[in-house]
Amino acid sequence: DSCIRGCSSSGEMAAPTGYGQAQADPSFQEQAARAAANDPRVQQAARQEMSNQARSAANSAGRTAANAGREVYTYVSQNPKSLSVLCFCSGLALTVLSILGVIN
């Protein structure tokens with residue numbers, strides 16, 4: 001039987017109570033939202049969904065960090081001279097800034 005809830009006495013599907021009112025009356029929408037927010041089942045479902053989303057974000061961040069680490073490793077192992085030049089230039093810039101700081 002497909003009529004568990006929301007059926008009229010004749011067995012036909014009836015429109016849910018308040019359906020037209022919900023579309024036309026913002027205060028009814030607000031009351032329905034408050035009632036749903038106070039429902040422990042809705043709160044539990046919201047907590048579960050937040051937990052799932054946080055877990056998904058953490059997993060995604062971990063995968064992204066691992067991929068970035070692999071990219072850096074690959075770049076360094078394939079281009080050691082360019083990394084040496086980059087380090088030399090960075091060291092030179094720090095030395096110049098330090099000397100200017102002492103003079104000032």
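In this numbering scheme, every chain counts its residues from 1 along its sequence in written order. Only residues with pLDDT of at least 70 are given local features in this predicted model, and only at 80 or more are side-chain atom pairs given and counted; all residues enter the totals for whole chains, interfaces and linings. Side-chain measures were taken over the full set of non-hydrogen atoms in the model, leaving aside hydrogen atoms and water.

*Asks:* Account for the overall build of the chain, naming residues and giving values.
*Replies:* Put simply, DSSP H or I for four residues or longer makes a helix, DSSP E for two residues or longer makes a strand, and each gets a number counted from the N terminus. Helices and strands together make up the secondary structure of the chain, namely four helices and zero strands. Going from N to C terminus, the chain has its helices and strands arranged as α-α-α-α. Categorising residues by exposure relies on relative accessible area from a 1.4 Å probe, with only protein chains included: less than 20% of the type maximum marks a residue as buried, more than 50% marks it as exposed, and the intermediate range marks it as partly exposed. Scored against the burial criterion, the 104 residues of the chain give a buried share of 2%.

*Asks:* I'd love a proper account of the packing of helix α3 (residues 40-78) against helix α4 (residues 80-103), names of residues and values included.
*Replies:* Each axis is a line fitted through C-alpha atoms, and for a helix only the stretch in contact is used; angles between axes span 0 to 180 degrees, taken between their N-to-C directions. Look at α3 against α4: their axes get within 5 Å of each other, and the N-to-C directions meet at 100 degrees. The angle between the axes of α3 and α4 places the two elements in the roughly perpendicular class. Residues Y75, V76, S77 and Q78 of α3 form the contact with α4, whose participating residues are P80, S82 and L83. An angle counts as roughly parallel when it lies under 35 degrees, as roughly antiparallel when it exceeds 145, as roughly perpendicular when it falls between 65 and 115, and as oblique in every other case. In this description, contact between two residues means that some pair of their heavy atoms is separated by no more than 4.5 Å.

*Asks:* Now, about the pattern of salt bridges: what can you tell me, with residues and values included?
*Replies:* It is possible for side chains bearing opposite charge to pair when their charged atoms get close. Each salt bridge in this description consists of a side-chain nitrogen of Lys or Arg and a carboxyl oxygen of Asp or Glu lying within 4 Å of one another. Tallied over the full model, the rule gives two salt bridges. Of the charged contacts in the structure, one is a salt bridge between E30 and R34, with a shortest N-O distance of 2.6 Å. Residue E30 and its partner R34 are both found in helix α2 (residues 26-38); the two are separated by four residues, about one turn of the helix. Where R41 meets D39, a salt bridge forms, and the shortest distance between an N and an O atom there is 3.0 Å. On the basis of relative accessibility, which here comes to 18%, the residue D39 falls in the buried class.

*Asks:* Describe in detail the confidence of the model for the chain, supporting the description with residues and values.
*Replies:* This prediction gives the chain a mean pLDDT of 83; 78% of its residues lie at or above 70. Between residues 1-6, whose pLDDT stays under 50, and residues either more than four places distant or in other chains, the model counts six contacts. How sure the predictor is of each residue is captured by pLDDT, a score from 0 to 100.

*Asks:* Can you explain the side chain of D39? Please cite residues and give values.
*Replies:* For D39, the location among the structural elements is in the loop between α2 and α3. Side-chain atoms alone can form a polar contact between residues adjacent in sequence; in general such a contact is a pair of N or O atoms within 3.5 Å, and within protein one must be able to donate a hydrogen while the other accepts it. Here the side chain of D39 touches R41 through a polar contact of 3.0 Å, side chain to side chain.

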